[in-house]
Amino acid sequence: AGAVSQTYAFFQVGATLQSRSDLVRSEVVAMIRKLAKHHHSAALSQLASRVAAVARYGAANGEDPFEKVKGLIRDMIEKLEREAGAEATEKAYCDEQMSKTEAKKSELEDDVAKM
């Protein structure tokens, strides 16, 4: 029974991948999903789902799904760059505050030691 369902799945995949562009689309989605799993990224997982939907429905409408996919990837990169910039700013602020706190702590410890 297991071999029959595997054979069915094999034929099903073979039927859905009718052209080279279908294969490329499925490879792109698989690669993004692999990256999402490797990096435990919900954002990449969501991107993979969006790319799969665009590839599936964009091709059916006769549109160029690769343009939409490139746009989705560009948007994701811009979003990640903004988030990284915000995190860097927050880290710089935290580092500055920690250094001020350490200096103040050291100053107060010196005052206590003098007493």
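Residues numbered from 1 in each chain as written. Predicted model: local features only at pLDDT ≥ 70, side-chain atom pairs only at ≥ 80, totals over all residues. Heavy atoms only, no water.

Novice: Explain the nonpolar core here, please?
Specialist: Note that soluble globular proteins tend to have their nonpolar side chains buried in a common cluster. Formed by 13 residues in total, the largest nonpolar core has its most connected members in Ile32, Leu47, Val51 and Leu72. For this core, the elements supplying multiple residues, two or more each, are helix H2 (20-39), helix H3 (42-60) and helix H4 (65-114). At seven residues, the largest contribution of residues to this core is made by H3. Apart from the residues lying within four places of it in its own chain, the contact partners of isoleucine 32 are Leu44, Leu47, Ala48 and Val51. (Core = buried A, V, L, I, M, F, W, Y, C linked by side-chain atoms within 4.5 Å. Buried < 20%, exposed > 50% of the residue type's maximum accessible area, 1.4 Å probe, protein only. Helix = DSSP H or I, 4+ residues; strand = E, 2+ residues; numbered from the N terminus. Contact = heavy atoms within 4.5 Å.)

Novice: What's the story with unusual backbone geometry in this structure? I'm lost.
Specialist: A negative phi angle is the norm for most residues apart from glycine, just as the trans form is the norm for most peptide bonds. The phi torsion at histidine 40 lies on the positive side, around 50 degrees, for a residue other than glycine. You can see histidine 40 is positioned in the loop between H2 and H3. With relative accessibility at 73%, the residue histidine 40 sits in the exposed group.

Novice: What am I meant to see in the confidence of the model for the chain here?
Specialist: Per-residue pLDDT for the chain has a mean of 79; in total, 77% of the residues score no lower than 70. For the chain, helix H1 (residues 2-16) is the element with the lowest average pLDDT, namely 45, and H4 is the one with the highest, namely 89. Predicted confidence for residues 1-15 stays below pLDDT 50, and this span has zero contacts to residues more than four positions away or in other chains. (pLDDT = per-residue confidence, 0-100.)

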